[in-house]
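Results of the structural survey
What follows is the residue order along each chain.
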Amino acid sequence: MTMNQSFYTGVVGAHQQLRRLNVHGNNIANVNTFGFKADRARFTALMDRNIVGADEELQEGVGTRLLMTSTDHSQGAPATGRNLDFMIEGDGFFALADLETGDISFTRNGAFYMSQFQRDTGEVDEEGDPILETAYYLSDGEGRFVLSREGVMIEITDPYAELPVGIFDYSNYDGMGELVDTRYLPVDKNGDLWMGTGELRRGVLEMSNADLADELSKVIESQRAYGLALKMVQTSDEIETTINNLRN
């Protein structure tokens, strides 16, 4: 039973270190992504107690596993951008509205653009069809529109004029759902939405808060732990093979 336990512990350890490598690999891949927030691997011990089996007590669990990944929401360094680039100095998020799905997501990536939008003028033509006009609104360039402090889309008539970009915040960031493109969706435990206290800066962008040197050191650490776990599996197999040969 002891040999099987050490073999199992090594296998579980190797598998969990692979998952940890994936987390840090994703951080490294996004080290130059504006507004990206690095994830951190959180481990927990597996339950280790005996349960009664048919003939003997069996161990239910042993070792550790990757419990969750938590997001580090600390601020990244500023980088010079375009006129429609925005950065939040302090806490808070930009709000993005998807008109097709009705979803509102939040991001720290303030690389925004002017996007066309066909809006109803309230008038109709000779055939009774509504007359549409082209307007320009602030968007993320992916079909979602930036919301103002009042929670409405921001029309752009002069790209150099002051724009009322809204900053929104939650009291708790833990467990926010991660989407693609550095966007997040709140969950119930994040609390109520309120106006953020961060300061809006224009013409700069927030860089990723993933530190390349730190991430590479974590990768090396995981690689060594992975190698040690495989060595445990190999050693357990060699010991069990030796014992079986002695029996024969």
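Each value, and the rule that gives it
- Residues numbered from 1 in each chain as written.
- Predicted model: local features only at pLDDT ≥ 70, side-chain atom pairs only at ≥ 80, totals over all residues.
- Heavy atoms only, no water.
- Phe/Tyr/Trp six-rings, centres within 6.5 Å; stacked < 30°, edge-to-face > 60°.
- Helix = DSSP H or I, 4+ residues; strand = E, 2+ residues; numbered from the N terminus.
- Buried < 20%, exposed > 50% of the residue type's maximum accessible area, 1.4 Å probe, protein only.
- Lys NZ or Arg CZ within 6 Å of the ring centre and 35° of its normal.
- 1 Å grid on protein atoms, 1.4 Å probe; cavity = no way out; pocket = protein on both sides within 12 Å on 5 of 7 lines; lining within 4 Å.
- Points joined across faces, edges and corners; volume = space filled by probe spheres on them.
- Nonpolar A, V, L, I, M, F, W, Y, C, P; charged D, E, K, R; others polar.
- Contact = heavy atoms within 4.5 Å.
- Salt bridge = Lys/Arg side-chain N within 4 Å of Asp/Glu carboxyl O.
- Pairing = 2+ DSSP bridges.
- Core = buried A, V, L, I, M, F, W, Y, C linked by side-chain atoms within 4.5 Å.
- Patch = residues over 30% accessible without salt bridge, like charges linked within 9 Å, V, L, I, M, F, W, Y side chains within 5 Å.
- Areas by Shrake-Rupley, 256 points an atom, 1.4 Å probe, with all protein chains shown as cover.
- Lys, Arg positive; Asp, Glu negative; His and termini not counted.
- Charge placed at Lys NZ, Arg CZ, Asp CG, Glu CD.
- Expected span 1.5 Å × (residues − 1).
- Polar contact = N/O pair within 3.5 Å; in protein donor to acceptor, adjacent residues only side chain to side chain.

Some words on the packing of aromatic side chains
- Counting across every chain of the model gives nine aromatic pairs.
- Considering the side-chain rings of Phe93 and Phe106, the 6.4 Å spacing of their centres and the 70° angle between planes classify their relative orientation as edge-to-face. Of this pair, Phe93 sits in the loop between strand S6 (86-89) and strand S7 (94-98) while Phe106 sits in strand S8 (residues 104-107), and the two are 13 residues apart along the sequence. Comparing Phe93 with Phe106, the two get one shared label, buried.
- The rings of Phe93, Phe106, Tyr170, Tyr173 and Tyr184 are connected pair by pair, giving a single aromatic cluster.
- Stacked on the ring of Tyr113, the Lys or Arg Arg82 has its end atom at 4.5 Å from the ring centre.

Comments concerning the environment of Leu230
- Secondary-structure assignment places Leu230 in helix H2 (residues 212-247).
- Between the alpha carbons of Leu230 and His15 there is a distance of 9.7 Å; along the sequence they are 215 residues apart.

Considerations on the layout of surface pockets
- Counted as a void, the largest pocket has a volume near 190 Å³.
- In this structure, the largest pocket is lined by Leu96, Thr107, Asn109, Ala111, Phe112, Tyr113, Asp140, Glu142, Arg144, Asp181, Thr182 and Arg183.
- Looking at the lining of the largest pocket residue by residue, the class counts come to four nonpolar, three polar and five charged.

Points about the side chain of Ser148
- Here Ser148 shows up in the loop between strand S11 (144-146) and strand S12 (168-169).
- Under the relative-accessibility criterion, Ser148 is labelled buried at 2%.
- If near-sequence neighbours (up to four positions away) are discounted, Ser148 is found in contact with Ile154, Pro164, Gly166 and Phe168.

Structural notes on the pattern of salt bridges
- For the coordinates displayed, the defined rule picks out 13 salt bridges.
- Where Asp214 meets Lys218, a salt bridge forms, and the shortest distance between an N and an O atom there is 3.1 Å. On the criterion of helical spacing, the pair formed by Asp214 and Lys218 is a turn pair, its members being four residues apart in helix H2.
- Taken together, the salt bridges that share partners define one network made up of Arg40, Asp214, Glu215 and Lys218.

As for the pairing of S8
- Where S7 meets S8, four bridges bridge the pair, whose relative direction is antiparallel. Bridge pairing links Ala97 to Ile104 in S8.
- Here S7 folds back onto S8, and the loop between the two strands holds five residues, one of which, Gly102, carries a positive phi near 80°.
- Bridge analysis of S8 against strand S14 (residues 183-185) gives two bridges, and the strand direction is antiparallel. In the strand pairing of S14, Phe106 is matched with Tyr184.

Observations concerning the nonpolar core
- Ranked by size, the top nonpolar core spans 13 residues in total, and within it Phe86, Phe112, Leu138, Val146, Leu163 and Val165 carry the most contacts.
- Listing elements by their share of this core, those giving two or more residues are S6 and S7.
- Setting aside anything within four residues of it in sequence, one finds Val146 in contact with Ala95, Leu96, Phe112, Leu138, Ser139, Val152, Met153, Ile154 and Val165.
- Counting 10 residues, the second largest nonpolar core, distinct from the first, contains Ala97, Phe106, Phe168 and Tyr170.

A word on a negative patch on the surface
- A grouping of Asp125, Glu126, Glu127 and Asp129 is seen on the molecular surface, where their side chains present a negatively charged patch.
- Mapping Asp129 onto the fold places it in the loop between strand S9 (113-124) and strand S10 (130-139).
- Asp129 sits in the partly exposed class, given a relative accessible area of 38%.

Focus on H2
- Between its first and last C-alpha, H2 extends 53 Å over 36 residues, near the 52 Å set by a 1.5 Å rise per residue.
- If you check the start of H2, you find a side-chain oxygen 3.1 Å away from the backbone N of Ala213, and it comes from Asp211.

Observations concerning empty space enclosed by the protein
- Inspection of every chain in the model, using the stated rule, returns one cavity of 30 Å³ or more.
- For the largest cavity, the calculated volume is near 40 Å³.
- Lining the largest cavity we find Lys37, His73, Gly90, Asp91, Gly92, Phe93, Arg108 and Tyr173.
- Across the lining of the largest cavity, the residue classes break down as two nonpolar, three polar and three charged.

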